[in-house]
Amino acid sequence: MVLLGAGVCWCPRLKRWLHGEDYAFEKKKAASTKADGSGELVPPQQYWLIGFKDRELEGEYLDELAAVSKSRVFCAYFLALLFVIVVQLGHNLSYLISVTQASVQGLLEVAEDDPALEDALEDFIEDLTHGIYLGSLLYPLLSIFFWTCGLVGTIFIYRRNCRPQWVLVLLEAVFLVEMVIMGCELNDQDMTLPPDSDAGGWQQNFGVASWVAGEAFYNLPLFLLLFFVPLPFAQTCFITLVGMLVMLVIVPLVGDGWVIFSYERIKENLSVNNADREGPCFDPEYQDLCIRMTQWNRSFPASTILFIGIMIIIASFSTSVSFRRLYTTKRLVRVLTMQQKKDREDLLLSIFPKSVAKHMLEKQTSGTLLDSKRSLRDIDAQNYTAARMHQNVTILFTDIVGFTAMSQSCSPYEVMQFLHVLFSEFDRLVDL
């Protein structure tokens, strides 16, 4: 969807291909208005995934969505940076410090009787420590770098008066880069450790659930930002689905991570943790049921990730529908307001001279409320006197004899026709 969002802005051919409707609120409102003033406005047509078929209207909607959601976008960047620094970087750093200190102390105790071996071990430990730190801190630092770049780019877009919708494209791109970093970091983990392994990593922290629980606590919180980040539905779906595929399908299949949930591995794990081989799980009658239930229990982290992804998609769809309806209503109200303003101007111009009508419209626009800081001179200036000097003016006062009786006996059309003919004759005589 990043390519779609960028392509629509950069590639006119793609924009024309997706453009399925020319929608104008002014024309639709005029076409839907009946003679009695009723009638329903036909809403703009939409693709079920990528928004309005009128791509110009879709671009205007995305611009307004990004403009009014500025605080949410910045909040998402700050929360993401806070999580990466405190949780991911902090966890890796604390774990590395404890592991390297224990390893160095153990190796030095072994070599303390041999000075030559001790010097060699110190060099080896230094190289090993640098490699461990670089490998473990690389991914959090990369995450911090890309989230910071996204934040700086967002500030640049808002301040340079660029199209605000580029903020949404940039945010989606940062999410996709973060998923690549997540996949690389997960791929570096040993996801097939046996149950009796004493190696460190996520198995030491999260037990038999290992990498699945690690993902749920270590990576999933970043996706929770999608609940309130104002990304369109298509972009949210794309990020969520790609994230689920990376965390639960692609990397686990490459690293053979699902082997820890296999029937044989769980059976082996039960044997290691219960050396006396007592309990219902070792009863041939109940062993199969016990292992199946253990598989189900250990898959809870994966189920949690999956259901949170589904909830993100449903919430995004509901929010997108509400936002688009609100935007359509807002544009319609704007059109109605402009139409009412034009009708009011036409009415005043048909009644009063142009200069008087112009002054009345300006007075209505500026408002009639008086600020307490305004002086008496400013208040007196509101009492506008529309006096004008006119040369060669004739005023005619007439009384039509029998007009009341005639108007009661004739139809309204006949009365108005009589007055029209009479005053037209007066105008003709004045012009002589």
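Only a predicted model underlies this, so the values are computations on that prediction, with no experimental measurement involved.

Rules used throughout
- Residues numbered from 1 in each chain as written.
- Predicted model: local features only at pLDDT ≥ 70, side-chain atom pairs only at ≥ 80, totals over all residues.
- Heavy atoms only, no water.
- Helix = DSSP H or I, 4+ residues; strand = E, 2+ residues; numbered from the N terminus.
- Contact = heavy atoms within 4.5 Å.
- Expected span 1.5 Å × (residues − 1).
- Buried < 20%, exposed > 50% of the residue type's maximum accessible area, 1.4 Å probe, protein only.
- Patch = residues over 30% accessible without salt bridge, like charges linked within 9 Å, V, L, I, M, F, W, Y side chains within 5 Å.
- Areas by Shrake-Rupley, 256 points an atom, 1.4 Å probe, with all protein chains shown as cover.
- Salt bridge = Lys/Arg side-chain N within 4 Å of Asp/Glu carboxyl O.
- Phe/Tyr/Trp six-rings, centres within 6.5 Å; stacked < 30°, edge-to-face > 60°.
- Lys NZ or Arg CZ within 6 Å of the ring centre and 35° of its normal.
- Core = buried A, V, L, I, M, F, W, Y, C linked by side-chain atoms within 4.5 Å.
- Axes fitted to C-alpha atoms, helices over the stretch in contact; angles between N-to-C directions.
- Left-handed = near helix turned anticlockwise from the far one by under 90°.
- Nonpolar A, V, L, I, M, F, W, Y, C, P; charged D, E, K, R; others polar.

Student: Help me understand the overall build of the chain, please; the structure alone is not making it clear to me.
Tutor: Broken down by element type, the chain carries 18 helices and two strands. When contacts within the chain are restricted to residue pairs at least 6 apart in sequence, those whose partners lie at least 24 apart make up 73%.

Student: How should I be thinking about helix 4 (residues 55-68) in this particular structure?
Tutor: Because an α-helix packs 3.6 residues into every turn, residues spaced three or four apart end up facing the same way. Between its terminal C-alpha atoms helix 4 stretches 20 Å, which fits the 20 Å expected from 14 residues at 1.5 Å a residue. Across the 14 residues of helix 4, ten count as buried, placing the element largely inside the fold. What helix 4 keeps buried is the set R55, L57, E58, G59, Y61, L62, D63, E64, L65 and A66.

Student: Is there a simple way to explain the environment of L222 in this structure?
Tutor: Mapped onto the elements of the fold, L222 is located in helix 10 (residues 220-223). Judged by its relative accessible area of 2%, L222 is buried. Considering only alpha carbons, one finds L222 and V84, 138 residues apart in sequence, at a separation of 8.7 Å. With sequence-adjacent residues up to four places away left out, L222 is seen in contact with A80, F83, V84, Q88, F175, E178 and M182.

Student: I'm lost on a nonpolar patch on the surface in this one. Help?
Tutor: Together, L224, F227, L306, F307, I310, M311 and I314 line one region of the surface with nonpolar side chains, adding up to about 670 Å² of accessible area. Residue placement: I310 occurs in helix 14 (residues 300-351).

Student: It is not clear to me how the packing of aromatic side chains should be interpreted in this structure. Could you clarify?
Tutor: Given two aromatic rings, one states the distance between the centres and the angle between the planes to describe the pair. Tallied over the entire structure, the rule returns eight aromatic pairs. With a centroid separation of 5.9 Å and an interplanar angle of 75°, the aromatic rings of Y77 and W147 are classed as edge-to-face. Taken together, the residues Y77 in helix 5 (residues 70-110) and W147 in helix 6 (residues 115-159) connect sequence positions 70 residues apart. Overall, Y77 belongs to the buried group, its relative accessible area being 0%. Ring plane angle 75° and centroid distance 5.2 Å describe the contact between F145 and F146, whose orientation is recorded as edge-to-face. In this structure F146 comes out as partly exposed when scored by relative accessible area, which is 30%. The cationic tip of R324 hangs over the ring face of F52; the distance from NZ or CZ to the ring centre is 5.0 Å.

Student: Explanation requested: unusual backbone geometry in the structure shown.
Tutor: Negative phi characterises most residues that are not glycine, and trans characterises most peptide bonds. We note that N161 has phi near 55°; this positive angle belongs to a residue other than glycine. As for its placement among the helices and strands, N161 is situated in the loop between helix 6 and helix 7 (165-188). When its relative accessible area of 69% is taken as the criterion, N161 is described as exposed.

Student: I would appreciate a short explanation of the nonpolar core in the present structure.
Tutor: If you look at soluble globular proteins, the nonpolar side chains tend to sit buried side by side. With 59 residues, the main nonpolar core has W147, F223 and I239 as its most contacted residues. Elements with a minimum of two residues in this core: helix 4, helix 5, helix 6, helix 7, helix 9 (210-218), helix 10, helix 11 (233-254) and helix 14. It is helix 7 that contributes the most residues to this core, eleven residues altogether. For I239, the contacting residues outside a window of four places in its chain are E172, F175, L176, M179, F223, L226 and L231.

Student: I keep staring at the pattern of salt bridges and nothing clicks. Help me out?
Tutor: Pairing between side chains of opposite charge can happen when their charged atoms approach one another. Tallied over the entire structure, the rule returns six salt bridges. In this structure, E425 and R428 form a salt bridge, with 2.3 Å as the shortest nitrogen-oxygen distance. Pair noted here: E425 and R428 are both in helix 18 (residues 412-431), with a separation of three residues, about one helical turn. On the basis of relative accessible area, E425 is assigned to the partly exposed category, the value being 34%.

Student: Please explain the packing of helix 9 against helix 14 as it appears in this structure.
Tutor: Helix-helix packing: each pair is described by the crossing angle between the helix axes and the interaxial distance. Relative to each other, helix 9 and helix 14 sit at 40°, their axes nearing to 8 Å. In the crossing of helix 9 with helix 14, the sense of the turn from one axis to the other is left-handed. Along the contact surface, helix 9 presents V212, A213, E215 and A216, while helix 14 presents P301, A302 and I305. Residue classes in the contact of helix 9 with helix 14 are distributed as six nonpolar, no polar and one charged.

That is the geometry; function is a separate question.
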